[in-house]
Amino acid sequence: MAAVHNVGIVGAGAAGLAAAILLADAGIQVEILEKADAPQTLGSGITLQGNALRILRQLGVWDQVAAKGYGFSTLGLRAPDPNGTVLAVLEDIRTGGDDLPATMGMYRPDLTAILRERAEQAGARISYGKTVTGITDDGGSVTVSTADGGTATYDLLIGADGLHSAVRKAIGIDAEPKSTGMGIWRAFVPRPEEVVRTDLTYGGPCFIAGYCPTGPDTIYAYLVEKAQERKHGDGPRIMAELAAAYGGPWNEIRANLDHSARINYTWFTTHLVDGPWNRGRTVIIGDAAHSCPPTVAQGAAMALEDAAVLAELLINADHVTETLFKEFTDRRLERAKAVVNASVQLGQWMLDGVRDADVPGLMHGLSVMLKEPA
């Protein structure tokens, strides 16, 4: 018998939807509180490593994800020259198992739509326009207040509401994302025919120039620079100027960086709640609990793993206890910390201009760890 009968989840992103699917499949009543007024359709691309794909298969959505996304198992390295010279093509470790691609690129709103439909089919209810303003825990249940004047009571509350989590603040955890010193331009554009995997170029006017195929016809391309104040309206011009130093597929990408392209700019940030992720019967997961630069492309994977581990513990336990939350922390904290530390370290080496950094060693060690199930 599950430890809970009625669970509230704040946030309809990957972490919240994954938790909702697993809990609802087990017969638990689930309501997702989403602050947006309707399902979100905005976003660019997302890179899903094998350990994320393993959880998506567990959720029963692998076929839909494979049909929408673009899978590959190699990584290309190119020179920062006018020809985009290929320096190496490396086999990636398949962290989800040998029967899954090492990496899958896809359009982020497509992934969210697949998970949302699956959650609703499982019986989860999504309530839109619900901004959390207060949380009250009486020891046996949690009552959530929302900006529209509503309240709802649950056996357990999961905060899966992202980087600037209202749940995290409401339960008194004061960790906040901080800039790592880098910023990233992202553009969602048509796929050049020769782009069949992620290729990375280190050096030139940017720290990293890269792209990831997200489907048969699309990619998202990105340029990483020092963090600075940027105006999104200048995106096409700035990206084109930065990309001028890079050849190969970048020639076609650059030609598509006009005002019709979906371009955004964000800073790399990081934080980690280094201790229990719960306060009483409220627990945070995903970006609410930890975030890192996308230098190892593990953000979505960590969020999905959090959801799967928490759901497993709640389904298999008889009661909600601090022992349950301790087991959750023990299984997730060190793994998430390793990802956060590696992601930040890779960026810091670039910021510091370290040329003899053991990047292959760091990445190999991380991949070996991540191949083990969460």
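What counts and what doesn't
- Residues numbered from 1 in each chain as written.
- Predicted model: local features only at pLDDT ≥ 70, side-chain atom pairs only at ≥ 80, totals over all residues.
- Heavy atoms only, no water.
- Pairing = 2+ DSSP bridges.
- Helix = DSSP H or I, 4+ residues; strand = E, 2+ residues; numbered from the N terminus.
- Phe/Tyr/Trp six-rings, centres within 6.5 Å; stacked < 30°, edge-to-face > 60°.
- Buried < 20%, exposed > 50% of the residue type's maximum accessible area, 1.4 Å probe, protein only.
- Axes fitted to C-alpha atoms, helices over the stretch in contact; angles between N-to-C directions.
- Expected span 1.5 Å × (residues − 1).
- Bend = angle between axes of the 7 residues up to and from the residue.
- Contact = heavy atoms within 4.5 Å.
- UniProt positions renumbered as here; feature names shortened; annotations may be inferred.
- Core = buried A, V, L, I, M, F, W, Y, C linked by side-chain atoms within 4.5 Å.

A.B. asks: Would you take a moment to explain the sheet that holds strand 1 (residues 6-10) for this structure?
C.D. replies: Pairing between sheet strands relies on hydrogen bonds along the backbone, with the strands arranged either parallel or antiparallel. Across the sheet, six strands lie side by side as 8-2-1-12-19-18; this open sheet has mixed pairing. Looking along the sheet, the strands with just one partner apiece sit at the ends: strand 8 (125-128) and strand 18 (278-279). As paired elements, strand 12 (residues 156-159) and strand 19 (residues 282-284) share three bridges and run parallel to each other. Looking across to strand 19, one finds that glycine 159 is bridged to isoleucine 284.

A.B. asks: Would you explain the packing of aromatic side chains in this entry?
C.D. replies: Two aromatic rings, taken as a pair, are described by how far apart their centres are and by the angle between their planes. In the structure shown here, the tally under the stated rule is six aromatic pairs. Their ring planes at 25 degrees and their centres at 4.5 Å tell us that tyrosine 107 and phenylalanine 188 sit as a pair that is stacked. You can see tyrosine 107 sitting in strand 7 (residues 103-107) and its partner phenylalanine 188 sitting in strand 13 (residues 178-190), a full 81 residues away along the chain. The same class applies to tyrosine 107 as to phenylalanine 188, namely buried. The interplanar angle of 80 degrees and the centroid separation of 5.7 Å between the aromatic rings of tryptophan 277 and phenylalanine 328 together place this pair among those described as edge-to-face.

A.B. asks: Any chance you could explain the sheet that holds strand 7 here in plain terms?
C.D. replies: Taken in spatial order, the three strands line up as 3-7-4 in an open sheet, and their pairing is antiparallel. Two strands bound the open sheet, and with one partner strand each, they are strand 3 (45-49) and strand 4 (70-72). Averaged over all pairs of adjacent strands, the angle between their axes in this sheet comes to 20 degrees, without regard to strand direction. Here strand 3 runs beside strand 7; their pairing, made up of five bridges, is antiparallel.

A.B. asks: Would you mind going over helix 9 (residues 322-352) with me for this structure?
C.D. replies: Across its 31 residues, helix 9 extends 42 Å between first and last C-alpha, which sits within 8% of the 45 Å expected from 1.5 Å per residue. The largest bend along helix 9 reaches roughly 30 degrees and is located at arginine 332. Directly after helix 9, the chain includes glycine 353, whose backbone phi takes a positive value near 70 degrees.

A.B. asks: Would you take a moment to explain helix 10 (residues 359-371) for this structure?
C.D. replies: Because each turn of an α-helix spans 3.6 residues, side chains separated by three or four positions in sequence point in the same direction. The end-to-end C-alpha distance of helix 10, which contains 13 residues, comes to 18 Å, matching closely the 18 Å that a straight helix rising 1.5 Å per residue would cover. Of the surrounding elements, those touching the buried residues of helix 10 are helix 2 (50-58), helix 8 (299-316) and helix 9.

A.B. asks: Would you explain the UniProt feature "domain: FAD-binding" (unreviewed entry) in the protein chain in this entry?
C.D. replies: According to UniProt, the "domain: FAD-binding" (unreviewed entry) feature falls on residues 6-342. End C-alpha atoms of residues 6-342 are separated by 37 Å, and the span's content is 30% helix alongside 33% strand.

A.B. asks: Would you mind showing me how to read the nonpolar core here?
C.D. replies: Side chains of a nonpolar character, in soluble globular proteins, are inclined to be buried together. By size, the foremost hydrophobic cluster in this structure holds 79 residues, and its most contacted members are Leu48, Leu56, Leu59 and Ile158. Among the elements that make up this core, the one with the highest residue count is helix 8 (eleven residues). Excluding its chain neighbours within four sequence positions, the residues that come into contact with leucine 59 are Ala18, Ile21, Leu22, Leu115, Arg118 and Leu304. Formed by 21 residues, the second largest nonpolar core is a distinct cluster that contains Ala221, Met239, Ala261 and Ile263.

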